[in-house]
Amino acid sequence: MLFPWLTVAGNVEFGPRLASVPAAERRQTVARYLDLVGLGAHAGKFPAQLSGGMKQRVAIARALANSPAIILMDEPFGALDAQTREILQDELSRIQRLEHKTILFVTHSIREAVYLADRVVVMTSAPGRIKQVFEIALVGPRDRFTPEFTRYESEITRLVKEEVAKVHE
């Protein structure tokens, strides 16, 4: 959630400001990450002036500006339309390759998980325990329409359906 009273730049700068990062360094950090997410020209806008996808890009820039070891993302693209969701998946994948950050990404979309993850963890229904971990061995930019991608997606879907069936027994 972005702070509605702060501009895009103010939202990205928030963490470094709290950490007492010097102003010149904060400006460089804000410019770097807004450019990285393609929003450099929107630094002076407020969240109410942005689309849902733009808000998610600001949130990513804000997280990166804090130099975290791990970024936690819980269904960040869930409320977006399908086209924007795929665009942001591509963007997040590109950013992860550039920044080399570990991202823990929670999603109910199996396709999204296979597209973004190096590892997909399938959880049991109740209690929530690890059922199986898949190492996703797809190299380079991922193509959602390759047989290998479809194989991972199908196997994970089968396991998830097993868990759903248990709930309805």
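Definitions and limits used
- Residues numbered from 1 in each chain as written.
- Predicted model: local features only at pLDDT ≥ 70, side-chain atom pairs only at ≥ 80, totals over all residues.
- Heavy atoms only, no water.
- Helix = DSSP H or I, 4+ residues; strand = E, 2+ residues; numbered from the N terminus.
- Buried < 20%, exposed > 50% of the residue type's maximum accessible area, 1.4 Å probe, protein only.
- Polar contact = N/O pair within 3.5 Å; in protein donor to acceptor, adjacent residues only side chain to side chain.
- Contact = heavy atoms within 4.5 Å.
- Axes fitted to C-alpha atoms, helices over the stretch in contact; angles between N-to-C directions.
- Parallel < 35°, antiparallel > 145°, perpendicular 65-115°, else oblique.
- Left-handed = near helix turned anticlockwise from the far one by under 90°.
- Nonpolar A, V, L, I, M, F, W, Y, C, P; charged D, E, K, R; others polar.
- Salt bridge = Lys/Arg side-chain N within 4 Å of Asp/Glu carboxyl O.
- Core = buried A, V, L, I, M, F, W, Y, C linked by side-chain atoms within 4.5 Å.

K.L.:
Please set out the side chain of Glu163 residue by residue, giving values where relevant.
P.N.:
By secondary structure assignment, the location of Glu163 is in helix α6 (residues 147-167). With a relative accessible area of 5%, Glu163 lands in the buried category. Only 2.9 Å separates the side chain of Glu163 from the backbone nitrogen of Ser125, close enough to count as a polar contact. A polar contact is formed between the side chain of Glu163 and the side chain of Lys166, at a distance of 3.1 Å.

K.L.:
Let's hear about the side chain of Glu112: which residues, and what values?
P.N.:
Summarising the element assignment, Glu112 is placed in helix α5 (residues 110-116). Looking at Glu112, the relative accessible area reads 1%, which means it is buried. Among the polar contacts made by the side chain of Glu112, one reaches the side chain of Gln89 at a distance of 2.8 Å. Within the local environment of Glu112, its side chain forms a polar contact with the side chain of Thr107, the two groups lying 2.5 Å apart. Sequence-distant contacts of Glu112, defined by excluding residues within four places in its chain, comprise Phe77, Arg85, Gln89, Phe105 and Thr107.

K.L.:
Tell me what's going on with the packing of helix α1 (residues 8-18) against helix α3 (residues 52-64), and back it up with residues and numbers.
P.N.:
Running from N to C, α1 and α3 point in directions that differ by 30 degrees, and their axes come no closer than 7 Å. One finds that α1 runs roughly parallel with respect to α3. Considering the relative orientation of α1 and α3, their crossing is right-handed. Taken together, the residues of α3 that come into contact with α1 (itself represented by Val8, Asn11 and Val12) are Val58, Ala61 and Arg62. Here the contact of α1 with α3 is built from residues that sort into four nonpolar, one polar and one charged.

K.L.:
Got a sec to walk through the pattern of salt bridges? Specific residues and values, please.
P.N.:
Overall, the coordinates contain 16 salt bridges when judged by the stated rule. Between Arg26 and Glu13 there is a salt bridge whose closest N-O contact spans 2.7 Å. Residue Arg26 is located in helix α2 (residues 23-36), and its partner Glu13 is located in helix α1; the two are separated by 13 residues in the primary sequence. What makes Glu13 buried here is its relative accessible area of 15%. Salt-bridge contacts for Arg158 lead to Glu155; the nearest nitrogen and oxygen are separated by 2.4 Å.

K.L.:
For the nonpolar core, give the residues involved together with the corresponding values.
P.N.:
Ranked by size, the top nonpolar core spans 25 residues in total, and within it Val12, Leu34, Val37, Val58, Ile60 and Leu64 carry the most contacts. In this structure Leu64 touches Tyr33, Leu36, Ile71, Ile95, Glu99 and Lys101, once residues within four positions along its chain are discounted.

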